[in-house]
Amino acid sequence: MKHDQAHEADLARLLTEGPGALGSALRAELDGCPACRQTLERLRLLEQRILQDAGLERELLDEARREARPDDQDAVRNALADRNFGRRSGARPWRLGLVLLSLAAAVVAVILLRAPESGQRVRTAPEVLLGNDFELRVVVRDGRYDAFEWAHELLPGESYELSFHELEGELVGATLATHPGLTIGRYAPTAEEEARLPERMGVTVTVRDGENAARARASLTVSRR
Amino acid sequence: MTATDTHSADLALVRAVLAGEAGPTGVLVERLRFIPCALRSLNRRLGQPLREEDLADLTQDTLALLWPRLEAYTGQAALESWIYGFCLNGLMNTVRKQRRRQPASTSPEDLADELVREDPGPDAGFEHERLRSALERLPEGEARLIRLRYYDELTFEAIGRCLDVPPSTAKAAFYRGMKHLEELLRPGSREESR
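Note that the structure is a prediction, hence the values are computed from the model and not measured. (Residues numbered from 1 in each chain as written. Chains lettered and ligands numbered in written order. Predicted model: local features only at pLDDT ≥ 70, side-chain atom pairs only at ≥ 80, totals over all residues.)

Turning to the overall build of chain B, a few remarks are in order. Along the backbone of chain B there are 10 helices and 0 strands. When the helices and strands of chain B are placed in sequence order, the string is α-α-α-α-α-α-α-α-α-α. Each of the 194 residues in chain B was classed as buried or not, and the buried ones make up 37%. Relative to all contacts within chain B whose residues are 6 or more apart in sequence, the contacts with residues 24 or more apart total 72%. (Helix = DSSP H or I, 4+ residues; strand = E, 2+ residues; numbered from the N terminus. Buried ≥ 20, exposed ≤ 12 C-beta atoms within 10 Å, placed from the backbone. Contact = placed C-beta atoms within 7 Å.)

Laid out in structure tokens, this is it:
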């Protein structure tokens, strides 16, 4: 049987419209044509391969949106900042230090969380610790974010960057405001800014060195209700 | 908003960033935050060929390389999809370099390990990379049709509306594109071995 343009058109219909696109007589004709059989088999395999690739891409992108960590955005910012500085940040030597700091901070956090209430009118809002390198807390007074306080000592050239984020479920979402260049462990929002902040949000304090590389970080979710 | 509208919006965002506008740059940085997690997930799916510290380096390298390459984004696919291809390529290049440094062992123990592993292993990544590389070499219109059909999951009627062509025209061009792609990927093809 001679493979011709009509066969090509029928193959195109099979691929784009599915197996039901052709009547049984036409289908039998294609099945009897070795070139058509081979082409169809190859295109079906290719289709499977593309579908697999598209499926993997969808799964991974969904996973990445779901599981993005608060420090992922910092990693992006740092990498882009490093690009501007023309060098790569030395992440490795700091990793062990950060892990040790995290462990120490976790121990301190557990002790603090278990400490008895002091009876002050000021309360610390409900918070979720997210692997912090130092203690970070919010002071809520009369249903307002009164101040954000953290306990960390800066090295020469370092500063704090405080940022507020929207929350998408339990995940940190878009950045609402960023306050870089802070040098003391306390920030009190103005009344105007406080009014713009949501009832519930994420707060992150990042310690940055003179080249804007992140050296330590603390994050928590806060609510003023 | 249709898939092509989304792609056009992505292209407008990238162009604004390249023009040095601050607001869009912030938006883009927000959107890029999926990259570290995508690389982690991809590495996990491929059987952890890279260690965590290599992944951290790869994240930085990917971002550093991506920024100047943004000019190459033409809006043919969603921005995240285009960047995902970039991540896949970066990860597989790193695996390739690693393999050159440490030639694969053919000891019976290693071969047995390969047979019992549940994940597809890094070779599956090379297959995905090869497919994407061939898609990039297709004529732009054909690649776009294949992406709209399989990656954006559009019907030919929807594709026709997006591209302002009759569905029959879209189908015919799609079929040509698939045949062309299949030829590019055929073992031994000059293009495939490039």
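Anyway, onward from the coordinates.
Bringing the environment of Asp 142 of chain A into the picture now. Mapped onto the elements of the fold, Asp 142 of chain A is located in the loop between strand S2 (135-141) and strand S3 (144-151). Sequence separation of Asp 142 of chain A and Arg 225 of chain A is 83 residues, and the distance between their C-alpha atoms is 9.1 Å.

A word on the environment of Leu 46 of chain B. Mapped onto the elements, Leu 46 of chain B comes out in the loop between helix H3 (34-45) and helix H4 (52-69). Note: C-alpha distance between Leu 46 of chain B and Ala 124 of chain B (78 residues apart in sequence) is 7.1 Å.

Here we take up the pairing of S3 of chain A. Residues and elements named next belong to chain A. Relative to S3, S2 runs antiparallel, the two being bridged by 7 bridges. Within S3, the position partnered with Val 139 by the bridge is Ala 147. Here S2 hands over to S3 after 2 residues, with Asp 142 in that stretch at a positive phi of 50 degrees. Note: S3 against strand S6 (residues 186-187), 2 bridges, orientation antiparallel. The partner of Glu 149 across the bridge, within S6, is Arg 186. (Pairing = 2+ DSSP bridges.)

Right, let's talk about helix H3 (residues 34-67) of chain A for a bit. Helix length check: H3 of chain A, at 34 residues, gives a terminal C-alpha distance of 49 Å against a target of 50 Å (1.5 Å per residue), a fit within 8%. Among the residues of H3 of chain A, Thr 39, Leu 46, Ile 50, Asp 53, Glu 57, Leu 60 and Ala 64 of chain A are the ones counted as buried. Among the structural elements, helix H1 (5-17) of chain A together with H3, helix H5 (79-101), helix H7 (122-137), helix H8 (140-151) and helix H10 (167-185) of chain B are those in contact with the buried residues of H3 of chain A. (Expected span 1.5 Å × (residues − 1).)

On to the nonpolar core, then. Among the nonpolar cores identified, the biggest contains 35 residues, and Ile 35, Ala 38, Leu 39, Leu 42, Ile 83, Cys 87 and Leu 91 of chain B are the most heavily contacted of them. Those elements giving two or more residues to this core turn out to be H3 and helix H4 (70-85) of chain A together with helix H1 (3-18), helix H2 (22-32), H3, H4 and H5 of chain B. In terms of residues, this core owes the most to one element, H5 of chain B, which gives 9 residues. Those residues in contact with Leu 91 of chain B, other than ones at most four positions away along the chain, are Leu 39, Leu 42, Asn 43, Leu 50, Leu 58 and Gly 125 of chain B. Within the second largest apolar cluster, 24 residues are counted, among which are Leu 46 of chain A together with Ala 134, Leu 138 and Leu 148 of chain B. (Core = buried A, V, L, I, M, F, W, Y, C linked by C-beta atoms within 7 Å.)

The next subject is the packing of H5 of chain B against H7 of chain B. Residues and elements named next belong to chain B. The interhelical angle for the contact between H5 and H7, taken along N-to-C directions, is 130 degrees, at an axis separation of 10 Å. By the criterion of interaxial angle, the relationship of H5 to H7 is oblique. When you trace H5 past H7, the crossing you get is left-handed. Each of Gly 85, Leu 88, Asn 89, Leu 91, Met 92 and Val 95 in H5 lies in contact with H7, whose residues at this interface are Pro 122, Gly 125, Phe 126, His 128, Glu 129 and Arg 132. (Axes fitted to C-alpha atoms, helices over the stretch in contact; angles between N-to-C directions. Parallel < 35°, antiparallel > 145°, perpendicular 65-115°, else oblique. Left-handed = near helix turned anticlockwise from the far one by under 90°.)

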